[in-house]
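# A closer look at the structure
Here is how the chains run, residue by residue.
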Amino acid sequence: MKLFGSSGIRGLANVEVTVDLALKVGMALGKSKKTAVIGRDPRVAGEMIELAVISGLMSAGCDVVRVGLVTTPTLAYAARNYDCGVMITASHNPATDVGIKLWNPDGMAFDSTQQEEIENIIEKEDFVYVPWNEVGEITTYGNAVRDHMDMILSNSTGAPIRVVIDCGGGAGGTITPFLLREMGCEVITLNSQLDGHFPARNPEPKEDNLWMLKKAVKEFDAALGIAHDGDADRMMAVDENGNFLSGDEMLAIFARFECKGNPKIVVPVDTSMIVDDSMPGSTVVHTRVGDVYVAEEMKKLKADFGGEPSGSWIFPRISYCPDGIYAAALLVDIVKEKKLSELRDELPKYPTLRSTVACDNNKKSAVMKAVSSKLESMGEVSSIDGIRVDMEGGWVLVRPSGTEAKIRVTAEARQNVEELHAKVENIVKECLK
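Right, let's walk through the structure included here.

Cut-offs used in this document
- Residues numbered from 1 in each chain as written.
- Predicted model: local features only at pLDDT ≥ 70, side-chain atom pairs only at ≥ 80, totals over all residues.
- Heavy atoms only, no water.
- Buried < 20%, exposed > 50% of the residue type's maximum accessible area, 1.4 Å probe, protein only.
- Helix = DSSP H or I, 4+ residues; strand = E, 2+ residues; numbered from the N terminus.
- Pairing = 2+ DSSP bridges.
- Axes fitted to C-alpha atoms, helices over the stretch in contact; angles between N-to-C directions.
- Contact = heavy atoms within 4.5 Å.
- Core = buried A, V, L, I, M, F, W, Y, C linked by side-chain atoms within 4.5 Å.
- Phe/Tyr/Trp six-rings, centres within 6.5 Å; stacked < 30°, edge-to-face > 60°.
- Lys NZ or Arg CZ within 6 Å of the ring centre and 35° of its normal.

What follows covers the pairing of strand β19 (residues 406-413). Across the 8 residues of β19, 6 count as buried, placing the element largely inside the fold. With 7 bridges connecting them, strand β15 (residues 352-358) and β19 associate as antiparallel partners. Residue arginine 354 lies in a different strand from β19, and its bridge partner there is threonine 410. Two strands pair when backbone bridges link them, and strand β18 (residues 394-400) and β19 are joined in this way by 7 bridges, in the antiparallel orientation. Within β19, the position partnered with proline 400 by the bridge is isoleucine 407.

Right under this line is the structure:
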């Protein structure tokens, strides 16, 4: 698709994601939807794009309800009462970016078919302009955060533990600290001011960006550290010793807590063998990278749990939207029984290396074709998403990012993972020349 990537529409504000594009998305969406709820994260360009989408929706006769500055999971939960939801966010992307993500009433992002329908309407300019007296109405609703909190509280027990929360200046500051306090936690916050410049750290909650959280957990003797991205659909954790847990470890811990019997678990192709081996008897299904693809497959298979190592955790009994706030509450429930470090120590350990190689979007196709021809001889090749090669004792994955100008390289092996990763990364760099 031309507009939608692996997680909605994203790009540089006023360059790739413009007011004109946002207006057309609203017009296309309003053609089939009579009601919509819309929210945004604190990005500087967010309100500009939000107002353009609203104008497009109203011009097609769609009534719009604004819920203000909220997290993506809050917006997705609010969508249950409307024909669709619209979230203005670029999630974990840098402050320069902005984006649009569309939601169904069941909390699942628009699937591939729905995204293609929107793109086709925009490409053909097949818009509908209603008469002056049928233009959509606009109203506001101020209780979306409270509604989301009440839903999570009804599914959580809480614990009197000390938690440090790093919201990164993002929308998580509107809900997670307040929720955990109501759960009985003593909450210490970092970067919980709402600031779309994200001055404290990059919005992506990966280990390199979370040195303040790791330090604070140790200094305040906390039981747990929690970090969000810009819109809080992602959540990552630090244990009581200040050690960052990988996304694969978090997937396995949540799966072991959430799933019983012989569950079905859906994860993307870049997921570690840790998940498979820590859940004997389970069926682990791989998809393309992107929470919408994971959610699509989960809904199709009626899976028990799913998620991505990037920090997206999907609990279908709650919603098909990755919910970093619910995940934070669930982790509090989990660690009151056993320390997070102990849960981590119970998991199998396989060395995994991940890296990115800068690559212009218009060069990705040619580079991937060249890479594929060089990797074919290394093992069993899968092209579900990018190029994954499975071999005895490990696997490697090369795939173009769906949201950024990068090619991602992931390698996991029981032995010599550095050698495997370096070999494949060098192949990618050679193919860029």
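A few words on the sheet that holds strand β10 (residues 235-238). One open sheet accounts for 4 strands, arranged β8-β7-β9-β10; its pairing is mixed. The outermost strands of the open sheet, each flanked by one partner alone, are β8 (186-190) and β10. Between one strand axis and the next, the sheet turns by 25 degrees as a mean value, whatever way the strands run. The pairing of strand β7 (residues 162-166) with strand β9 (residues 224-228) spans 4 bridges and is parallel. Each bridged residue has a counterpart across the sheet, and for isoleucine 165 the counterpart in β9 is isoleucine 226. Along the sheet face, helix α7 (residues 211-219) touches β7, β8, β9 and β10 and points at about 160 degrees away from the line of β9. Strands in contact with helix α11 (residues 324-335) are β7, β9 and β10; relative to β9, the strand with the most contacts, it is inclined by about 170 degrees.

We note that serine 91 has phi near 55 degrees; this positive angle belongs to a residue other than glycine. In this structure, lysine 302 takes a positive phi of about 55 degrees despite not being glycine. Summarising the element assignment, lysine 302 is placed in the loop between α10 (291-301) and β13 (305-308). Judged by relative accessible area, which is 71%, lysine 302 ranks as exposed.

With respect to the secondary-structure elements, glycine 225 resides in strand β9. In the structure, glycine 225 is positioned 16 residues away from asparagine 241 in sequence and 9.7 Å away in space, judged by C-alpha atoms. Contacts of glycine 225, omitting those with residues within four sequence positions, involve Val164, Leu213, Val217, Met236, Ala237 and Val238.

Alignment of β7 against β8, held across 5 bridges, turns out to be parallel. For aspartate 166, the partnering residue across the bridge sits in β8 and is leucine 190.

Glancing now at the nonpolar core. Within the largest apolar cluster, 83 residues are counted, with the highest numbers of intra-cluster contacts made by Leu180, Met235, Phe254, Trp313 and Leu331. Looking at which element gives the most residues to this core, the answer is α11, with 10 residues. Once you skip the residues sitting within four places of it in the chain, phenylalanine 254 turns out to touch Met235, Phe305, Trp313, Phe315, Ala327, Leu330, Leu331 and Ile334. Counting residues in hydrophobic clusters, the runner-up holds 32 residues, among them Ala45, Met58, Cys62 and Phe110.

Within the structure shown, the criterion is met by 5 aromatic pairs. Ring geometry for phenylalanine 254 against tryptophan 313: centres 5.6 Å apart, planes inclined by 55 degrees, an arrangement best described as tilted. Linking phenylalanine 254 in helix α8 (residues 247-258) with tryptophan 313 in strand β14 (residues 312-314), this pair joins segments that are 59 residues apart in sequence. Arranged with centres 5.0 Å apart and planes meeting at 75 degrees, the rings of phenylalanine 315 and tyrosine 326 form a pair that is edge-to-face. Of the two residues, phenylalanine 315 is situated in the loop between β14 and α11 and tyrosine 326 in helix α11; the sequence distance between them amounts to 11 residues. The residues phenylalanine 315 and tyrosine 326 share a single accessibility class, namely buried. Among the aromatic residues, ring-to-ring pairing joins Phe254, Phe305, Trp313, Phe315 and Tyr326 into one connected group. One Lys or Arg, arginine 80, reaches over the ring of tyrosine 77 and ends 3.9 Å from the middle of that ring. The side chain of arginine 388 reaches across the aromatic face of tryptophan 395, ending 4.0 Å from its centre.

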